[in-house]
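One-letter residues, chain by chain:
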Amino acid sequence: MSAFMIAALMLSVAAYLHTVSGKLGMRLANPTAEVLWRVVSFVAMIVWVVLILRGFMTRHWSDATAALLGSFALNWWFGHRGPKPGWPIVSLLFALVGLGLATWSFLYE
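Keep in mind that what you see is a predicted model, and the values were worked out from it rather than measured.

What follows covers the environment of L74. Within the secondary structure, L74 is located in helix α3 (residues 61–81). In this structure, the C-alpha to C-alpha distance between L74 and A64, residues 10 residues apart in sequence, is 15 Å. Here L74 is in contact with L9 and V13, once residues within four sequence places are set aside.

What follows covers helix α2 (residues 31–58). The end-to-end C-alpha separation of α2 is 40 Å, in line with the 40 Å expected for 28 residues at 1.5 Å each. Near the N-terminus of α2, the side chain that reaches the backbone nitrogen of T32, with its oxygen 3.0 Å away, is that of N30.

This next bit is on the packing of aromatic side chains. Across all of its chains, the model carries four aromatic pairs by this definition. Relative to Y108, the ring of W104 lies with its centre 4.5 Å away and its plane at 50°, an arrangement referred to as tilted. With W104 and Y108 both in helix α4 (residues 87–108) and four residues apart, the pair spans about one turn of that helix. Under the relative-accessibility criterion, W104 is labelled partly exposed at 48%.

Before going further, it helps to examine the pattern of salt bridges. All told, the structure shown has two salt bridges when counted by the stated rule. Between R59 and D63 there is a salt bridge, with the nearest N and O atoms lying 3.7 Å from each other. Accessibility expressed as a relative area gives 23% for R59, which makes it partly exposed. By relative accessible area, D63 is classed as partly exposed at 30%.

Attention shifts here to the nonpolar core. Generally speaking, soluble globular proteins have nonpolar side chains that are buried together. Residues A8, L11, L51, A67 and A102 are the most contacted members of the largest nonpolar core, which totals 19 residues. Those elements giving two or more residues to this core turn out to be α1 (3–24), α2 and α4. If near-sequence neighbours (up to four positions away) are discounted, A67 is found in contact with F4, M5, A8, L9 and I52. Residues V13, L17, M26 and W87 belong to the second largest nonpolar core, which totals five residues.

Rules of the game
Residues numbered from 1 in each chain as written. Predicted model: local features only at pLDDT ≥ 70, side-chain atom pairs only at ≥ 80, totals over all residues. Heavy atoms only, no water. Helix = DSSP H or I, 4+ residues; strand = E, 2+ residues; numbered from the N terminus. Contact = heavy atoms within 4.5 Å. Expected span 1.5 Å × (residues − 1). Polar contact = N/O pair within 3.5 Å; in protein donor to acceptor, adjacent residues only side chain to side chain. Phe/Tyr/Trp six-rings, centres within 6.5 Å; stacked < 30°, edge-to-face > 60°. Buried < 20%, exposed > 50% of the residue type's maximum accessible area, 1.4 Å probe, protein only. Salt bridge = Lys/Arg side-chain N within 4 Å of Asp/Glu carboxyl O. Core = buried A, V, L, I, M, F, W, Y, C linked by side-chain atoms within 4.5 Å.

The values reported here are purely geometric and, on their own, carry no functional implication.
The following block contains the structure:
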């Protein structure tokens, strides 16, 4: 699996978990960590959109479509499982690793 695909999936989940965290009651206790989570999740969402669009422009259409549909499926899976107390940390980790893989994909793929 390419760095493009893994980055798209991880960034999507990171942004999704932050988006639904408000209605699920998942918040971080530290206000600084909460702001960091908000900023990193927003950057993850923007990079995910750019990654998908770049995938449609530079890769075969099936790669970008698989990344898009895989992102939707993985978001559904995480949403279907319900809120978990560790999800804010998972979201932050997915965002940071996904941003690193997206950078790798932009530079070398």
